[in-house]
Amino acid sequence: MIRIDFSGVPTEDLSRSKEVEAAFDGFTREGYVILDNIVPQDTIRSLHEEFLERYEDQIRDMETPQSLEVGARRFMIPLHFSGGLGAEQVYANPYVIALVRMILDDEAIIDAFGAILSLSGAEEQHIHHDGPILFNSAISRLLPAYAMTFALPLVEMNEISGTTALWPGSHRRGEHEGAEPERPTIPLGSGMMWDFRTYHSGMANRSGQVRPMVYATYARRWYQDPVNFRKETLPRLVFEPGFLGSLPENLRKLFAHVRSAG
């Protein structure tokens, strides 16, 4: 299992960090990596409370104009870039961004930002990858990553609440049959990243509560997720007034596609 512990790792000059380099090597080879201790656990608990209060009306077993059903009792919703959930340590966590820019490039963007809600009783999700294969399957397996998903759970992901099963190396093989998946426990404060080509599946939620998982899609600047945003009422990114104008210099590239478009 590819997991890197970032406890005590300084955020200065992460491009030279041995932990980021190890995460890059694991991600490139296996198509995923688990990033331990990238956000304080108390912060995650606060974010969980904020989520339950602010997005209460989205926690329902039905698709709405601003949600997408992605499995039985499983939904994708957009999150606003505001409050604690819209803070830099969530959408632009320094460890995550250092890795994103190493895997993609310095011009990498945020294509989508939201949450996946696995309601109590959610069934095991179908096995899938997050985006279509570019060109043809043989060529695609040889290409560098073009997009990735970052997931930050707001409750521990385990065998009761459910986790995300990942098929190591499937981004290169182009299939998952005949291989055993990893089913990692993801404690509070840890996250996971996987290549858009990596096969994965959300596990069943056997707990008595909703399991919210914040996600961000990072991509090369020319790529846009063509699968999950076919509904015109489902936004990829939701900004509060003044958000883009207040971005610090080092994060403006993440939204360069939005700024140039608007």
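Our subject is the structure that appears above.
Residues numbered from 1 in each chain as written. Predicted model: local features only at pLDDT ≥ 70, side-chain atom pairs only at ≥ 80, totals over all residues. Heavy atoms only, no water.

What to know about the layout of surface pockets
One number sums up the size of the largest pocket: a volume of about 480 Å³. For the largest pocket, the lining is made up of 29 residues, of which Gln125, His128, Asp130, His200 and Asn228 are closest to its centre. Breaking the lining of the largest pocket down by element, the ones donating at least two residues are β3 (68–71), β4 (74–78), β6 (109–118), β10 (200–202) and β11 (211–219). No other element matches β11, which puts four residues into the lining of the largest pocket. (1 Å grid on protein atoms, 1.4 Å probe; cavity = no way out; pocket = protein on both sides within 12 Å on 5 of 7 lines; lining within 4 Å. Points joined across faces, edges and corners; volume = space filled by probe spheres on them. Helix = DSSP H or I, 4+ residues; strand = E, 2+ residues; numbered from the N terminus.)

Digging into unusual backbone geometry
Leave glycine aside and you will find that most residues have negative phi; peptide bonds, for their part, are mostly trans. Positive phi values are uncommon outside glycine, yet Asp13 reaches one of about 50 degrees. Of note, the phi angle at Asn37 is positive, near 60 degrees, even though the residue is not glycine. With respect to the helices and strands, the residue Asn37 is situated in the loop between β2 (32–36) and α2 (41–54).

Brief notes about the packing of aromatic side chains
The relation between two aromatic rings is expressed through the spacing of the ring centres and the mutual angle of the planes. Summed over all chains, the structure comprises 16 aromatic pairs. When the centroid spacing of 4.6 Å and the interplanar angle of 25 degrees are considered together, the rings of Phe81 and Phe113 count as stacked. Remark: Phe113 occurs in strand β6 and Phe81 occurs in strand β5 (residues 80–81); sequence separation between them is 32 residues. Neither Phe81 nor Phe113 differs from the other in exposure class; each is buried. (Phe/Tyr/Trp six-rings, centres within 6.5 Å; stacked < 30°, edge-to-face > 60°. Buried < 20%, exposed > 50% of the residue type's maximum accessible area, 1.4 Å probe, protein only.)

Details of the nonpolar core
If you look at soluble globular proteins, the nonpolar side chains tend to sit buried side by side. One finds Tyr91, Met193 and Tyr218 to be the most contacted residues of the largest nonpolar core, which totals 73 residues. Apart from the residues lying within four places of it in its own chain, the contact partners of Tyr91 are Phe81, Gly86, Ile97, Ile110, Phe113, Tyr218, Phe243, Leu247, Leu251 and Phe255. If you look at the next biggest cluster of nonpolar residues, it comprises seven residues, including Ile109, Leu134, Ala147 and Phe196. (Core = buried A, V, L, I, M, F, W, Y, C linked by side-chain atoms within 4.5 Å. Contact = heavy atoms within 4.5 Å.)

Digging into the pattern of salt bridges
Across all of its chains, the model carries 14 salt bridges by this definition. Residues Arg54 and Glu240 are paired through a salt bridge, measuring 3.8 Å at the closest nitrogen-oxygen approach. Of this pair, Arg54 sits in helix α2 while Glu240 sits in the loop between β12 (238–239) and α7 (256–261), placing them 186 residues apart in sequence. In this structure Arg54 comes out as partly exposed when scored by relative accessible area, which is 35%. Here Glu240 falls in the partly exposed class, since its relative accessible area comes to 27%. Here the residues in one salt-bridge network are Glu107, Arg221 and Lys253, joined through shared partners. (Salt bridge = Lys/Arg side-chain N within 4 Å of Asp/Glu carboxyl O.)

Some points on the pairing of β2
The buried fraction of β2 is high, at five of five residues. The alternating pattern of β2 places Tyr32, Ile34 and Asp36 and Val33 and Leu35 on opposite faces, both of which are buried. The pairing of strand β1 (residues 3–5) with β2 spans three bridges and is classified as parallel. Paired with Arg3 across the two strands is Ile34, which belongs to β2. Of the pairings in the sheet, the one linking β2 to strand β9 (residues 191–195) comprises four bridges and is antiparallel in character. (Pairing = 2+ DSSP bridges.)

Details of α2
With 14 residues, α2 should cover 20 Å at 1.5 Å per step; its first-to-last C-alpha distance of 20 Å lies within 8% of that length. Listing the buried residues of α2 in full gives Ile44, Leu47, His48 and Phe51. Down the axis, α2 shows its buried residues gathered within 105 degrees of arc, on one side only. When the buried face of α2 is taken as reference, the exposed residues oriented beyond 90 degrees from it are Asp42, Glu49 and Glu53. (Expected span 1.5 Å × (residues − 1). Arc of directions from axis to C-beta.)

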